[in-house]
Amino acid sequence: MSTSDQDQSVDTPIPAPDAGAAAETETETEAEVEVEDRRLTPRQARRLRIALSSVGMVAMAVVLGLRIASRSSVLVVGVYGLALILCGIVIELSRNGRTRLGSWLLAVGLVAAIGSDWLLIP
């Protein structure tokens, strides 16, 4: 609360804006509504992150299966196993409302898994 809010008594009515200001506010509000319609709600963002993490988890499981079939290595299991765990952590973070952290973690983790596969695994 600002000091000007504290100076007014509880029963003091708030003055209504004039008609010109109301018309400007209405057009600004319509523009804001259009922008807000394009943004995801927090629930939609959580569901999107959970879906992306689930798709990433399935993809990593398929790649892990293919890589183990071609060459069995502890390093392959380690890299893709960590990627699977990372996808599970991101799903749990998204369920708890930490979607931005989950998005960054998913992006960095999957790039690290693919990069380590390319660099470390012969």
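Remember, it's a predicted structure, so these values are computed and weren't measured experimentally.

### Remarks on the packing of helix 3 (residues 42-70) against helix 4 (residues 74-95)
Stage number 1. Where helix 3 contacts helix 4, the two axes come as close as 9 Å, and the packing angle between them is 165°. Classed by the angle they form, the pair helix 3 and helix 4 counts as roughly antiparallel. The handedness of the crossing between helix 3 and helix 4 is left-handed.

### Remarks on helix 3
Because an α-helix completes one turn every 3.6 residues, residues spaced three or four positions apart along the sequence face the same direction.
Stage number 1. Counted at 1.5 Å a residue, the expected span for helix 3 with its 29 residues is 42 Å, and the 42 Å between its end C-alpha atoms agrees.
Stage number 2. Where helix 3 is concerned, the buried positions are Ala-45, Ser-53, Gly-56, Met-60, Leu-64 and Arg-67.
Stage number 3. On the buried face of helix 3, the contacting elements are helix 4 and helix 5 (99-120).

### Brief notes about the side chain of Arg-67
Stage number 1. Tracing the chain through its elements places Arg-67 in helix 3.
Stage number 2. Contacts of Arg-67, omitting those with residues within four sequence positions, involve Val-76, Tyr-80, Asp-117, Ile-121 and Pro-122.

### What to know about the nonpolar core
Stage number 1. Among the nonpolar cores identified, the biggest contains twelve residues, and these are Met-60, Leu-64, Val-76, Val-79, Tyr-80, Ala-83, Cys-87, Val-90, Leu-106, Leu-110, Ala-113 and Ile-121.
Stage number 2. Per-element accounting of this core gives the leading share, six residues, to helix 4.
Stage number 3. Non-local contacts of Tyr-80, meaning those with residues more than four positions away in its chain, are made with Met-60, Val-63, Leu-64, Arg-67 and Asp-117.

### Describing a nonpolar patch on the surface
Stage number 1. A contiguous nonpolar surface patch, about 510 Å² in accessible area, is contributed by Leu-75, Trp-118, Leu-119 and Leu-120.
Stage number 2. At three residues, helix 5 tops the list of elements feeding residues into the nonpolar patch.
Stage number 3. With respect to the secondary-structure elements, Leu-75 resides in helix 4.
Stage number 4. Using a relative accessible area of 40% as the deciding quantity, one classes Leu-75 as partly exposed.

### Re the packing of helix 3 against helix 5
Stage number 1. The contact between helix 3 and helix 5 brings their axes to 10 Å, and the two run at 15°. Taken as axis vectors, helix 3 and helix 5 run roughly parallel relative to one another. Of the two possible hands of crossing, helix 3 and helix 5 adopt the one that is left-handed. On helix 5, the residues that touch Ala-45, Arg-46, Arg-49, Leu-52, Ser-53, Met-60 and Arg-67 of helix 3 are Thr-99, Ser-103, Leu-106, Leu-110 and Asp-117.
Stage number 2. Taken together, the residues of the contact of helix 3 with helix 5 sort by class into five nonpolar, three polar and four charged.

Procedures and definitions
- Residues numbered from 1 in each chain as written.
- Predicted model: local features only at pLDDT ≥ 70, side-chain atom pairs only at ≥ 80, totals over all residues.
- Heavy atoms only, no water.
- Axes fitted to C-alpha atoms, helices over the stretch in contact; angles between N-to-C directions.
- Helix = DSSP H or I, 4+ residues; strand = E, 2+ residues; numbered from the N terminus.
- Parallel < 35°, antiparallel > 145°, perpendicular 65-115°, else oblique.
- Left-handed = near helix turned anticlockwise from the far one by under 90°.
- Expected span 1.5 Å × (residues − 1).
- Buried < 20%, exposed > 50% of the residue type's maximum accessible area, 1.4 Å probe, protein only.
- Contact = heavy atoms within 4.5 Å.
- Core = buried A, V, L, I, M, F, W, Y, C linked by side-chain atoms within 4.5 Å.
- Patch = residues over 30% accessible without salt bridge, like charges linked within 9 Å, V, L, I, M, F, W, Y side chains within 5 Å.
- Areas by Shrake-Rupley, 256 points an atom, 1.4 Å probe, with all protein chains shown as cover.
- Salt bridge = Lys/Arg side-chain N within 4 Å of Asp/Glu carboxyl O.
- Nonpolar A, V, L, I, M, F, W, Y, C, P; charged D, E, K, R; others polar.

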